[in-house]
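# Structural description and commentary
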Amino acid sequence: MNQPQSDPYARWHAAQLAPLWNSPNAHKPPPPPAAAHIWRWEETRPLVELAFRETSPAAVQRRVLQMLSPHSASPADEYTCGSVLAALQCLLPGETARPHRHTMNALRFLLEGSGAVTLVDGKECAMEFGDLVLTPGMCWHEHRHDGKEPVVWLDVLDVPLHQHLGTIVFQPGPVTDAPTTMLDAAFASPGIVPVAIGGRRDHSPVFRYPYADAVRALRHAPPSPDGARRVRYVNPLTGGGAMPLLDTAMLQLDAGLRTLPARTNANLVCTVVEGHGETRIGDQVIAWGPRDTFTVPQHHWVSHRAEGETRLFIVSDADVLRRLGVLTEEIQSAP
Ligand SMILES: [Fe+2]
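The notes below deal with the structure included here. The shown structure was predicted, so the numbers you read here are calculated from the model rather than taken from an experiment. (Residues numbered from 1 in each chain as written. Predicted model: local features only at pLDDT ≥ 70, side-chain atom pairs only at ≥ 80, totals over all residues. Heavy atoms only, no water.)

## Concerning the overall build of the chain
Keep this limit in mind: By the criteria applied, helices consist of DSSP H or I runs no shorter than four residues and strands consist of E runs no shorter than two, each listed in order from the N terminus. What the globule rule says is 2.2 Å times the number of residues to the power 0.38, and the radius of gyration is computed from C-alpha atoms. The contact criterion used is simple: two residues touch if any of their non-hydrogen atoms lie within 4.5 Å. Within this scheme the basic residues Lys and Arg register as positive and the acidic residues Asp and Glu register as negative, but His and the chain ends are omitted. Think of each charge as sitting on NZ of Lys, CZ of Arg, CG of Asp or CD of Glu.
Counting its regular elements, the chain contains 6 helices and 22 strands. The C-alpha radius of gyration computed for the chain amounts to 22 Å, which stays within 12% of the reference 20 Å derived for 335 residues, consistent with globular compactness. With respect to the three principal axes, the spread of C-alpha positions in the chain is 85 × 55 × 50 Å. Restricting the contact set of the chain to residue pairs at least 6 apart, pairs at least 24 apart contribute 73%. Of the charged side chains in the chain, 29 are positive and 35 negative, and the gap between their average positions amounts to 3 Å.

## Quick word on the environment of L237
Along the chain, L237 turns up in the loop between β13 (229-232) and β14 (247-253). C-alpha of L237 to C-alpha of P99: the two residues are 138 residues apart in sequence and 27 Å apart in space. Excluding its chain neighbours within four sequence positions, the residues that come into contact with L237 are F187, V193, I197, R201 and P205.

## Quick notes on the sheet that holds strand β6 (residues 116-120)
Convention followed: If DSSP finds at least two bridges between two strands, the strands pair. Only the stretch in contact is used when fitting a helix axis, every axis being a line fitted to C-alpha atoms; angles between N-to-C directions are given from 0 to 180 degrees.
Spatially, the 5 strands line up as an open sheet ordered β7-β6-β9-β4-β11, and their pairing is antiparallel. Each of the sheet's edge strands pairs with one partner strand only, and the pair in question is β7 (123-127) and β11 (170-172). Here the strands of the sheet are splayed against their neighbours by 25° on average, with no regard to which way each runs. Here 5 bridges tie β6 to β7, and the two strands are oriented antiparallel to one another. Counterpart to A116 in the pairing with β7 is M127.

## Here's the deal with the pattern of salt bridges
Let me state the cut-off plainly: The term salt bridge refers to a side-chain nitrogen of Lys or Arg lying within 4 Å of a carboxyl oxygen of Asp or Glu.
As enumerated under the stated definition, the model contains 21 salt bridges in all. Through salt bridges with shared partners, a single ionic network connects R232, D247, D319, R322 and R323.

## Topic: the packing of aromatic side chains
Rule in force here: Under the pairing criterion, centres of Phe, Tyr and Trp rings, with the six-membered ring standing for Trp, must be within 6.5 Å; the plane angle then separates stacked pairs below 30 degrees from edge-to-face pairs above 60, leaving the rest tilted. Residue burial is assigned from relative accessible area. The probe radius is 1.4 Å, only protein chains are included, and a residue is buried under 20% of its type maximum, exposed over 50%, and partly exposed in between.
Inspection of the entire model under this criterion finds 7 aromatic pairs. When the centroid spacing of 5.6 Å and the interplanar angle of 85° are considered together, the rings of W12 and W21 count as edge-to-face. On the basis of relative accessibility, which here comes to 53%, the residue W21 falls in the exposed class. Measuring from ring centre to ring centre gives 4.1 Å for F109 and F313, while their planes differ by 10°; the resulting arrangement is stacked.

And the structure:
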């Protein structure tokens, strides 16, 4: 006598098989783009002060407040926007953050204070307002603050991508087998680089990009098709991105400019360096000022408007998508 057939869906489920015709994703329209979020400096700065009072790098290694997306599912779901994770890190005078290295690429962008340095594979990089300091994957890095006032900087890492790929490696100090580095002065003349270069070429041998250099380049940069002026931080050995998985740029908006709407499938984290304005992101309009940080999630039409001359520091995963052949970038034509 034949046994009655049990529920086929239950049998597929028990065998780790899923019918595609019931998939929440396949053959369905994509979900709407995620909402943008802003961390306003006037709100986050007092919370940084709270971190100064609550703990120290001696106790926790890094005094860091991660900027987690409001769409993050749990504290373990560490991302700010797409595959970009941003945070605020701060040091008091006399403090140090001891050396370590990891596969994740990281960068620092100084927002407040003066006198701190980051050592990258032993090379000392000053950190002054608006400076970008790279700590590429598996480069030893530590921080030291010899100044007189607190320092606060933006950290940005590609942690979410490494979590997805299962490629996270972390190694605490002490520093061992640090490679030989070259002085940044060896790359100070555009278009001229040393011939005898050993070691890795997948990241820039220059770790510090002073703000004054970015401002000078922007002053002479022609407008992009949307009307904004843009410069990109690159590896002088290759002309490609300064680090493999995080794309970095500075955008300048001239006074009164409204950029043409643009759309990309890359995810952006934007920090306002100087100036006031607003950004339309889909149906949202976000007003911003100095040291605010906001996200631009993928797939939105985006337009910026500046009240005065304004500069934004932008980190994105665009170069990852470009090299995978899946980056899309669109711009609406002028009316
Ligand atoms: Fe680190």
